[in-house]
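# Inside the fold
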Amino acid sequence: MNATLSQRYKARLLEMRTRLVPAVQHIEESIREDVRSAGELSNAPTHQASEDDEGVDENIALAENQETLLEEVEAALARIADGDYGRCQQCGRAISAERLGALPSTPYCVQCAPKE
């Protein structure tokens, strides 16, 4: 991959990281608030069905997804720094520009992605 394309993908990945870091922090803070406020409602016994565990579970799932994406972005930035970006981590072939354009953090070509 030439240096110009590499820098273009790096800029996109840095932009993604800039958006993801505060989003993950916000979701994690929201989870802490939900847990904290759920414990402060009352000392009266409640039925489990009346608790709002679903909202906390959704926030946890969202946080996990955002953290996974952030890890993928960080790994892609490391591959750029190492000179391995744009090569499939499974087979070593070049990842198509179309795929990198759609998923700049992907470590796999179209053929290897389903295997992973």
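Residues numbered from 1 in each chain as written. Predicted model: local features only at pLDDT ≥ 70, side-chain atom pairs only at ≥ 80, totals over all residues. Heavy atoms only, no water.

### Things to note about the overall build of the protein
Counting its regular elements, the protein contains 3 helices and 0 strands. Starting at the N terminus and ending at the C terminus, the protein contains elements arranged as α-α-α. When the accessible surface of the protein is totalled, it reaches about 7,900 Å², and 50% of it is carbon and sulfur. (Helix = DSSP H or I, 4+ residues; strand = E, 2+ residues; numbered from the N terminus. Areas by Shrake-Rupley, 256 points an atom, 1.4 Å probe, with all protein chains shown as cover.)

### Examining the side chain of Ser 105
Mapping Ser 105 onto the fold places it in the segment after α3 (97-102). In contact with Ser 105, not counting residues within four places along its chain, are Leu 13, Leu 69, Glu 72, Val 73, Ala 76 and Arg 79. (Contact = heavy atoms within 4.5 Å.)

### Regarding the nonpolar core
Within the largest apolar cluster, 15 residues are counted, with the highest numbers of intra-cluster contacts made by Leu 13, Val 73, Tyr 85, Cys 88, Ile 95, Leu 100 and Cys 109. Elements that contribute at least two residues to this core include exactly α1 (3-39) and α2 (53-82). For this core, the element with the highest residue contribution is α2, accounting for 5 residues. If we skip the residues at most four places from it in the chain, Val 73 touches Leu 13, Met 16, Arg 17, Leu 20 and Ser 105. (Core = buried A, V, L, I, M, F, W, Y, C linked by side-chain atoms within 4.5 Å. Buried < 20%, exposed > 50% of the residue type's maximum accessible area, 1.4 Å probe, protein only.)

### So, the environment of Ala 81
Mapped onto the fold, Ala 81 is located in helix α2. For the pair Ala 81 and Ser 6, spaced 75 residues apart in the sequence, the C-alpha separation amounts to 9.6 Å.

### With respect to the confidence of the model for the protein
For the protein, mean pLDDT is 86; residues scoring 70 or higher make up 84% of the total. The lowest-confidence element of the protein is α1, averaging 88 in pLDDT; the highest-confidence one is α3, averaging 95. (pLDDT = per-residue confidence, 0-100.)

### Observations regarding the pattern of salt bridges
All told, the structure shown has 3 salt bridges when counted by the stated rule. In this structure, the salt-bridge partner of Arg 19 is Glu 15, at a minimum N-O distance of 3.0 Å. On the criterion of helical spacing, the pair formed by Arg 19 and Glu 15 is a turn pair, its members being 4 residues apart in helix α1. Classification of Arg 19 as exposed rests on a relative accessible area of 52%. In this structure Glu 15 comes out as partly exposed when scored by relative accessible area, which is 48%. We note a salt bridge from Arg 17 to Glu 74, for which the minimum N-O separation is 3.2 Å. Taken as a pair, Arg 17 in helix α1 and Glu 74 in helix α2 lie far apart in primary sequence, 57 residues in all. Judged by its relative accessible area of 28%, Arg 17 is partly exposed. (Salt bridge = Lys/Arg side-chain N within 4 Å of Asp/Glu carboxyl O.)

### Comments concerning the side chain of Arg 99
Within the secondary structure, Arg 99 is located in helix α3. One buried charge, Arg 99, has no salt-bridge partner; the nearest side chain with opposite charge is Glu 72, at 9.2 Å. If near-sequence neighbours (up to four positions away) are discounted, Arg 99 is found in contact with Thr 106, Tyr 108, Cys 109, Val 110 and Ala 113. (Lys, Arg positive; Asp, Glu negative; His and termini not counted.)

### With respect to the state of the cysteines
Applying the stated criterion to the full structure yields 0 disulfides. Left unpaired, Cys 112 is separated from the closest cysteine sulfur, that of Cys 109, by 3.7 Å. Assessed through its relative accessible area of 1%, Cys 112 is described here as buried. (Disulfide = S-S within 2.5 Å.)

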